[in-house]
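# Report on the structure
Chain by chain, the residues run as shown.
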Amino acid sequence: MRGLGDLEAEIMDRLWSWGRPATVREVVDDLRRQRPVAYTTVNTVADILNTKEWLRRTKVGRAWVYEPTCTRESYTAQLMHQALEGSPDRAGALLHFVDRISGDEATALLAALEQVKARDDER
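Model, not experiment: these values are computed from the prediction.

About the criteria used
Residues numbered from 1 in each chain as written. Predicted model: local features only at pLDDT ≥ 70, side-chain atom pairs only at ≥ 80, totals over all residues. Heavy atoms only, no water. Phe/Tyr/Trp six-rings, centres within 6.5 Å; stacked < 30°, edge-to-face > 60°. Helix = DSSP H or I, 4+ residues; strand = E, 2+ residues; numbered from the N terminus. Buried < 20%, exposed > 50% of the residue type's maximum accessible area, 1.4 Å probe, protein only. Contact = heavy atoms within 4.5 Å. Salt bridge = Lys/Arg side-chain N within 4 Å of Asp/Glu carboxyl O.

## Describing the packing of aromatic side chains
- Counted by the stated rule, this structure contains two aromatic pairs.
- Relative to Y75, the ring of W16 has its centre 5.6 Å away and its plane inclined at 35°; by these criteria the two rings are tilted. Placement of the pair is W16 in helix α1 (residues 6-18) and Y75 in helix α4 (residues 72-85), with a sequence separation of 59 residues. For the pair W16 and Y75, one class covers both residues: buried.
- Considering the side-chain rings of W54 and Y75, the 5.2 Å spacing of their centres and the 85° angle between planes classify their relative orientation as edge-to-face. Of the two residues, W54 sits in the loop between α3 (39-51) and β2 (55-60) while Y75 sits in helix α4, which places them 21 residues apart along the sequence. A single burial state applies to W54 and to Y75, both of which are buried.
- Site record: aromatic cluster; members linked through ring pairs are W16, W54 and Y75.

In structure tokens form, the structure reads like this:
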């Protein structure tokens with residue numbers, strides 16, 4: 001798995017933020033509030049994201065409507081897992097990661113670990 005390119009990330013960010021399916025026209029109109037972008041470019045990138053299975057599309061009338069196939073959190077977790085797999089010293093990488101997180105992030109991490117432990121104990 002690779003990270004998203006710049007325009008891919010912008011498209012995914014909007015769809016994740018909106019929490020609903022959207023047309024390419026809606027994405028283009030929103031992107032144009034910040035910078036010029038061609039409809040055909042966004043359409044091509046949305047099609048590529050569909051091919052990569054990051055987006056699913058459904059025909060509504062004459063337009064395709066796109067929606068993410070995973071949450072932003074799931075995507076982020078996949079990137080973190082990929083980065084961890086790339087290290088020959090996973091424990092060392094985790095230590096460096098934890099050393100750099102804030103107190104609130106550490107609290108959230110501990111809560112997540114407790115949830116995983118409770119789930120594993122139920123099995």
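On we go.
## So, the environment of V45
- Position of V45 among the secondary structure elements: in helix α3.
- Under the relative-accessibility criterion, V45 is labelled buried at 13%.
- C-alpha of V45 to C-alpha of Q82: the two residues are 37 residues apart in sequence and 23 Å apart in space.
- Here V45 is in contact with L7, E8 and I11, once residues within four sequence places are set aside.

## Re the pattern of salt bridges
- Considering all chains together, one arrives at 11 salt bridges under this definition.
- For the salt bridge of K52 with E8, the shortest nitrogen-to-oxygen distance reads 2.7 Å. Placement of K52 in the loop between α3 and β2 and of E8 in helix α1 is noted, with a sequence separation of 44 residues between them.
- Notably, a salt bridge pairs R57 with D47, separated by 2.9 Å at the nearest N-O pair. Separated by 10 residues along the polypeptide, R57 in strand β2 and D47 in helix α3 bring together distant segments of the chain.
- Judged by its relative accessible area of 29%, R57 falls in the partly exposed class.

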